[in-house]
Amino acid sequence: YPEAYMNRGRSLATIGGAENLKKAVADYTRAIELQPEYAEAYHHRGYALNIQKDYAAALEDFDKCISLQPNNAHSHFGRGYALSNLGYQSEPQAARDERLRDALESFDEAVRCDPNHSDAHHDRGVILGQLGKRKEALEALNRALELDPTKAKVMFSKALTLCSRAPGYPLE
């Protein structure tokens, strides 16, 4: 029963904590073993792996989920988040910019699938700012604020963008 593993995994992930996330990943993995085309299990495992900062593994899961459910806005968002954090500090600027452009494409796709996905608009704005596209970044951040005017992280990102002269500030 793959659904039983999914339910327990979601419960453990909701409770949180490193040990519970580890158990949740194991449950999602078992659900996938039982039903290899279980898109939701790939999505939830990818989400848990993002929290654990295992961005490379999360990226693989989001790619698999997207191959099964191309219009899954949340998986496009998770993919963008993983890409935007993968190797952030350790790669040369040109490689980082290329990866950020890939992340931007994922956030764009998330917004296409769900125009009201405020987190996708936010992270899209952050990436545009990192790529030096300040005007477009502010437009995306303003849209995120229209969708959810109470999100402090969006206000903070907008303030950083308004104050920045050079691209580059991390999502975390």
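Structural notes, computed from the coordinates. Note that the structure is predicted; figures quoted are calculated from it, not measured.

1. Observations regarding the packing of aromatic side chains
Consideration 1: In total, this model carries two aromatic pairs according to the counting rule given.
Consideration 2: Both rings, one in Phe77 and one in Phe107, keep their centres 5.6 Å apart while their planes meet at 50 degrees; by these two values the pair is tilted. On the criterion of sequence distance, the pair formed by Phe77 in helix H5 (residues 73-85) and Phe107 in helix H6 (residues 93-113) is long-range, its members being 30 residues apart. The same class applies to Phe77 and to Phe107, which are both buried.

2. A short note on the pattern of salt bridges
Consideration 1: Throughout the structure, instances matching the rule amount to twelve salt bridges.
Consideration 2: For the salt bridge of Lys64 with Glu37, the shortest nitrogen-to-oxygen distance reads 3.8 Å. Here the residue Lys64 occupies a position in helix H4 (residues 55-68), and Glu37 occupies one in the loop between helix H2 (18-34) and helix H3 (39-51), the gap between them amounting to 27 residues.
Consideration 3: Of the charged contacts, one joins Asp61 and Arg45 as a salt bridge, the two residues approaching to 2.6 Å between their closest N and O atoms. With a gap of 16 residues between them, Asp61 in helix H4 and Arg45 in helix H3 connect regions that are remote in the sequence.

Criteria and cut-off values
Residues numbered from 1 in each chain as written. Predicted model: local features only at pLDDT ≥ 70, side-chain atom pairs only at ≥ 80, totals over all residues. Heavy atoms only, no water. Phe/Tyr/Trp six-rings, centres within 6.5 Å; stacked < 30°, edge-to-face > 60°. Helix = DSSP H or I, 4+ residues; strand = E, 2+ residues; numbered from the N terminus. Buried < 20%, exposed > 50% of the residue type's maximum accessible area, 1.4 Å probe, protein only. Salt bridge = Lys/Arg side-chain N within 4 Å of Asp/Glu carboxyl O.

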